[in-house]
There are 2 protein chains.
Amino acid sequence: MKRIAILGLGLMGGSLGLALKAAGFRGVVAGYARRRETGEEALRRSVVDEVFDRPDTAAADADLSVICLPILAIPELARSCADRFKPGSLVTDVGSTKRVLVEELTGLLAPRGVGFVGSHPIAGSEQQGLDAARADLYDHAVTVVTPGPGSTAAGVRAIREFWESVGSRVLEMSPDQHDQILARTSHLPHLAAAALAATVGREPADEALPSFCGPGFRDATRIAAGSPEVWRDIVETNRANLLGELEAFRRELDRAIEAVSSRQPESARTFLEQARQRRRRLTDRHE
Amino acid sequence: MKRIAILGLGLMGGSLGLALKAAGFRGVVAGYARRRETGEEALRRSVVDEVFDRPDTAAADADLSVICLPILAIPELARSCADRFKPGSLVTDVGSTKRVLVEELTGLLAPRGVGFVGSHPIAGSEQQGLDAARADLYDHAVTVVTPGPGSTAAGVRAIREFWESVGSRVLEMSPDQHDQILARTSHLPHLAAAALAATVGREPADEALPSFCGPGFRDATRIAAGSPEVWRDIVETNRANLLGELEAFRRELDRAIEAVSSRQPESARTFLEQARQRRRRLTDRHE
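This report concerns the structure included in the present document. The residue count restarts for each chain, going from 1 along the sequence in the order it is written. Each chain takes a letter, starting from A, and each ligand takes a number, starting from 1, following the order in which they are written. Selection of residues for local features in this predicted model requires a pLDDT of at least 70, selection of side-chain atom pairs for listing and counting requires 80 or more, and totals for whole chains, interfaces and linings are taken over all residues. Side-chain metrics in this entry use all non-hydrogen atoms of the structure; hydrogen atoms and water are not considered.

What follows deals with the overall build of chain A. Note on conventions: DSSP H or I runs of at least 4 residues are helices, E runs of at least 2 residues are strands, and numbering of each starts at the N terminus. Scanning chain A from N- to C-terminus turns up 11 helices and 9 strands. Taken along its principal axes, the extent of the C-alpha atoms in chain A is 70 × 40 × 30 Å. Partly exposed describes any residue whose relative accessible area lies between the buried limit of under 20% and the exposed limit of over 50%, with all areas from a 1.4 Å probe on protein chains only and scaled to the type maximum. Here chain A holds 287 residues, and 59% of them are scored as buried. If you take every contact in chain A between residues at least 6 apart in sequence, the share linking residues at least 24 apart comes to 76%. To measure how exposed things are, a 1.4 Å probe is used in the Shrake-Rupley method; for residues, cover is taken only from the protein chains shown. Roughly 11,600 Å² of accessible area belongs to chain A as shown, and the carbon and sulfur atoms make up 46% of that amount. Just so you know, the count uses Lys and Arg for positive and Asp and Glu for negative, and it drops His and the chain ends. Where a charge lies is defined by one atom per residue type, namely NZ (Lys), CZ (Arg), CG (Asp) and CD (Glu). Seen as two clouds, the 37 positive and the 39 negative side-chain charges of chain A have centres 3 Å apart. The contact criterion used is simple: two residues touch if any of their non-hydrogen atoms lie within 4.5 Å.

Before going further, it helps to spend a moment on the interface of chain A and chain B. Listed by partner, the interface residues are 89 residues for chain A and 89 residues for chain B. Throughout, the accessible surface (probe 1.4 Å) given up by two parts as they are put together, summed over both, is called the buried area. Between chain A and chain B, a total of about 8,400 Å² is buried, with carbon and sulfur atoms accounting for 68% of that surface. Salt bridges are identified by distance alone: a Lys or Arg side-chain nitrogen within 4 Å of an Asp or Glu carboxyl oxygen. Across the chain A-chain B interface, the total number found is 10 salt bridges. Among the salt bridges present, the one from Asp219 of chain A reaches Arg222 of chain B, with a minimum N-O distance of 3.3 Å. Distance and chemistry together define a polar contact, namely a pair of N or O atoms within 3.5 Å, with one atom able to donate a hydrogen and the other to accept it when in protein, and with adjacent residues in sequence counting only for side-chain atoms on both sides. Between the two partners, chain A and chain B, sit 26 residue pairs in polar contact (both at pLDDT 80 or more). Breaking the side of chain A that touches chain B down by element, the ones donating at least two residues are strand 8 (142-146), strand 9 (169-172), helix 7 (175-200), helix 8 (215-221), helix 9 (228-237), helix 10 (239-261) and helix 11 (265-283) of chain A. Top contributing element to the side of chain A that touches chain B by residue count: helix 7 of chain A, with 17 residues.

Turning our eyes to something else, we now look at the pairing of strand 8 (residues 142-146) of chain B. All names here are of chain B. Counting buried residues along strand 8, 5 of its 5 residues qualify, which places the element largely inside the surrounding structure. Side-chain alternation along strand 8 places Val142, Val144 and Thr146 on one buried face and Thr143 and Val145 on a second face that is also buried. Taken together, the 4 bridges between strand 8 and strand 9 (residues 169-172) define a ladder with parallel strand orientation. The residue bridging Thr143 from the neighbouring strand is Val170, located in strand 9. By the convention used here, strands pair only if DSSP detects at least 2 bridges between them.

Given a helix with a known number of residues, its expected span is that number minus one, times 1.5 Å. Between its terminal C-alpha atoms helix 10 of chain A stretches 32 Å, which fits the 33 Å expected from 23 residues at 1.5 Å a residue. With its phi angle positive at about 65°, Arg263 of chain A sits one or two positions after the end of helix 10 of chain A.

Let us look at the pattern of salt bridges. Tallied over the entire structure, the rule returns 55 salt bridges over all chains. Notably, a salt bridge pairs Asp49 of chain A with Lys21 of chain A, separated by 2.4 Å at the nearest N-O pair. Here Asp49 of chain A is found in the loop between helix 2 (36-44) and strand 3 (50-52), whereas its partner Lys21 of chain A is found in helix 1 (residues 11-22), with 28 residues between them in sequence. On the basis of relative accessibility, which here comes to 36%, the residue Asp49 of chain A falls in the partly exposed class. Judged by relative accessible area, which is 32%, Lys21 of chain A ranks as partly exposed. Between Arg202 of chain B and Glu245 of chain A there is a salt bridge whose closest N-O contact spans 2.9 Å. A residue pair is termed interchain when its members come from two chains, as with Arg202 of chain B in the loop between helix 7 (175-200) and helix 8 (215-221) and Glu245 of chain A in helix 10. Exposure class is identical for Arg202 of chain B and Glu245 of chain A. Each is buried. A single network of salt bridges, built from pairs that share partners, joins Glu229, Arg232 and Asp233 of chain A together with Glu266 and Arg269 of chain B.

Right, dumping it as structure tokens:
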């Protein structure tokens, strides 16, 4: 690849530009940002080599275009560039849900001879914007690559190698499998943490309450500090899977309530022991 | 105070002995551990100056006895020492719930002329045992002191100063107020995190699932790694408050489910925005 376009220069796009430089990419990185000042700042920090004020001029002639925008802005941007992507070139994205995006972008790009392979680098959720960009964001991160009907084997291989070049560990799966897994491991925990924060922070509240919201509470609800706009899009594009997980969570919560209200101390212990074991199975490799 | 007895030499008791030394306490620290090897190890590490194999001999002659055992073991130990605590001396404990303990220990000790003031140092929840003990466990920790009908003003002041001497910030409140606040800020989050871990870890599960249980999931469920025995006792002695919080949580969860299922993207955004604001109000002083 000689020319890569990064469309969107926030945390994800900005970090990608820095990571490509750090990895020794020798070609040209073209960038597009919605706000002019962001583009100028990206040039100043050498996040990109060239900056454009229109996405389609940034994407023209690129061998690979990476769309780094909030989920629902991705198809819109792809439409505005559709006739300028170079035939035979590749397009990918960094959206946190994949089924809807792969459907829409494949339908748009395949007829134009442009290959699309969806990506989801699992990195950077709470901070936003170019200011937070850093060269090591993708280093050791898991990046899921989700081939669809518009992906060729060569295209998938190129996208895998692209993410590996900036340090990611790549996993490959279908868009549906990706969205099901993420609903369980990420989208449910986000909604559960938000509901927990909303409960602890409800009125009326003892004025001493904040003194008790220490590390335990902060860790348990940290993900609920994420951008409501980002999460609105995730909910919107993964609703059915998320609702399934929320219902499963309500069933477990009801089991917890039953165990606590049973007045049999061992019921609560058994519930907590099972939860601890399940958590350990999921996190053993990390801790 | 010339002689302090630490009854129970696990994480809490062991750290207290180390903290007293570090703070320059000039008197004698007597210790009791259920297991002989623990007592020997405590002597070896200079956690205490003397060690006894019976709690009542350790407590005899002490000006202050601090009971550092799991909640439900505290009244039992107090009963076994009741006739040996020095009249006019003080007793406190480190249990994570207070109403039940203050009731039981006041009933036991007040008739014998022994003062009781409950304490709850909010420190160290996941690790256990003397091996994990450290001199700075109470440093900058909040310690709640909960006077009851068996507490004199002088006794409360002495207990406050005791915890301040090892670096704690002391808050004073009634046992009921303590248990209500902790049900909301600590006991509910623990049960919610356990229910979340149980949901994410349920069967059937995609074999790729653990690869996705990264920092977000680990933080959100970390408190669920705590000892089921410790938490069984907390549930048992704070059941009514905890059930009230669990019901409030279920209502918020139902609001979340409604917002997600409404198919109106702004409903989810509004719910998440409100949760984020409430969290910020609770944690502003910490982050």
